[in-house]
Amino acid sequence: MTRESSASPLIFGGDAQSPRAALPVLPPLALYIHIPWCVRKCPYCDFNSHTASPVLPEEEYVDALLADLDQDLHAVYGRELSSIFFGGGTPSLFSADSLGRLLKGVEQRIPFASDIEITLEANPGTFEQDKFVAYRKLGINRLSIGIQSFQQEKLEALGRIHNGDEAVRAAGMARQAGFDNFNLDLMHGLPNQSLDDALADLRTAIALKPTHLSWYQLTLEPNTVFWNQPPTLPEDDTLWDIQEAGQALLAEHGYAQYEVSAYALPGRPARHNLNYWSFGDFIGIGAGAHGKLSHPDGRIIRTWKTRLPKDYLNPAKSFQAGEKALTNDEMPFEFLMNALRLTEGVESRLYPERTGMTLESLAQGRREAEQSGLLQVEPSRLVATERGQLFLNDLLQKFLT
């Protein structure tokens, strides 16, 4: 899985629903499709991914995905999809025939916007020219390629199955297959990485002319090999130097930072991810997928699906593992922990439009955040200061009830 699908938007828990105003208009609707298999599990990965068997149950899984979608249709009747994101795992392990049958089934159930963005995550080790030409013909119009590094030593430390040359070729093959819009996923702060190492990776990526770059620091997550057997990571001073120099290099080449770890050429931000960060709606189907759906009466429901593929494929088990309705007390934190990741924030009016809550419900936290220099004093927008971006957790604490 590439980090871009931060597809797992941030979620905050609660257990009761409070009445709130009806929503004046429902937000854009997206679809996230989780395909949970990888050739090999990476030691840093905490996503819901599982090592693939020699033969994947593609037909059975597509059947299950469509049946899962059928159970969510009642909540989205009359709406259209603005974006679809295939995340994982490694979705490019699936054949074009399987993905084509799935996309056809989705469109029969929910109409597609005329300019729909459809993204597929892929790893360089799974690139096959004929397969990717076929993907493009299906209407998939954006790729997210999990590079992580171009340097062999770093790739081996990360447990990746491709090498640097394959990574470079993958970008060229994507363009040859007809993809004029693609993301490269790149990490920094890797084991024993120097400033020069990190900038060399960035320069190689920029030379491949992607429209979008996800560039983020390696973090050690619980329930991973790296958490239990930590590698030697760069010192904090080196990490800071990498961050500053890397951002300057990206800006120099026209890549504007629009989210904590996302950089894009003009007009090329990831529409699917923008929908997450601006508190849009999304259906989540597949093993472990999360969803968030708004209802005209003001209810906002988060759902999550069964995690293990064997359980997801078991007809005796439910696709949905749980759901919760967001409460009024949770709403400020829920909205802002997504929106404030955007470097330009969001218009203030989006908060009442997307939550059914008044701006006054943010007033106390907003005052405290502004006085602390974490939130800009900007009545028409909700946007973190530069300091607020650096200390986002401290900023969000101001809005916890």
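Residues numbered from 1 in each chain as written. Predicted model: local features only at pLDDT ≥ 70, side-chain atom pairs only at ≥ 80, totals over all residues. Heavy atoms only, no water.

1. Regarding the overall build of the protein
Summing up its helical and strand segments, the protein has 15 helices and 16 strands in all. Here the protein has a C-alpha radius of gyration of 21 Å; the compact-globule value for 401 residues is 21 Å, and the two agree. Overall, the protein is about 55 × 50 × 40 Å in size when its C-alpha atoms are taken along their principal axes. Across the 401 residues in the protein, those meeting the buried criterion constitute 55%. Partitioning the contacts of the protein with sequence separation of at least 6, the portion at a separation of at least 24 is 73%. By element, 50% of the accessible surface of the protein is carried by carbon and sulfur atoms, the whole surface being about 17,000 Å². (Helix = DSSP H or I, 4+ residues; strand = E, 2+ residues; numbered from the N terminus. Rg over C-alpha atoms; globule rule 2.2 N^0.38 Å. Buried < 20%, exposed > 50% of the residue type's maximum accessible area, 1.4 Å probe, protein only. Contact = heavy atoms within 4.5 Å. Areas by Shrake-Rupley, 256 points an atom, 1.4 Å probe, with all protein chains shown as cover.)

2. Quick word on the domain arrangement of the protein
Along its sequence, the protein is organised into domain 1 (29-274) and domain 2 (328-400). Contacts between the two partners involve six residues from domain 1, matched on the other side by six residues from domain 2. Buried area between domain 1 and domain 2, both sides added, is near 510 Å², and the carbon and sulfur share of it is 60%. Three residues, Y258, E259 and V260, lead the burial of domain 1 against domain 2; their summed loss comes to 63% of the area buried on that side. Counting across the interface, domain 1 meets domain 2 through one salt bridge. Across the salt bridge formed by E259 and R341, the nearest N and O atoms sit 2.6 Å from each other. (Domains from an automatic or database assignment. Buried area = accessible area lost by both parts, 1.4 Å probe. Salt bridge = Lys/Arg side-chain N within 4 Å of Asp/Glu carboxyl O.)

3. Comments concerning the pattern of salt bridges
Applying the stated criterion across every chain yields a total of 17 salt bridges. Residue D281 pairs with K292 through a salt bridge whose shortest N-O separation is 3.1 Å. In this pair, D281 is assigned in strand 11 (residues 281-285) and K292 in strand 12 (residues 290-294), connecting sequence segments eleven residues apart. Classification of K292 by relative accessible area gives buried; the value is 1%. Here K310 makes a salt bridge to D311, at a shortest N to O gap of 3.3 Å. Judged by relative accessible area, which is 16%, D311 ranks as buried. Taken together, the shared-partner salt bridges connect D68, D72 and K305 into one network.

4. What about the nonpolar core?
I84 and F86 are the most contacted members of the largest nonpolar core, which has 66 residues in total. With sequence-adjacent residues up to four places away left out, I84 is seen in contact with L31, I33, L103, V106, F112, I116, E117, I118, T119 and H272. Counting residues in hydrophobic clusters, the runner-up holds 36 residues, among them A30, L326, F335 and V346. (Core = buried A, V, L, I, M, F, W, Y, C linked by side-chain atoms within 4.5 Å.)

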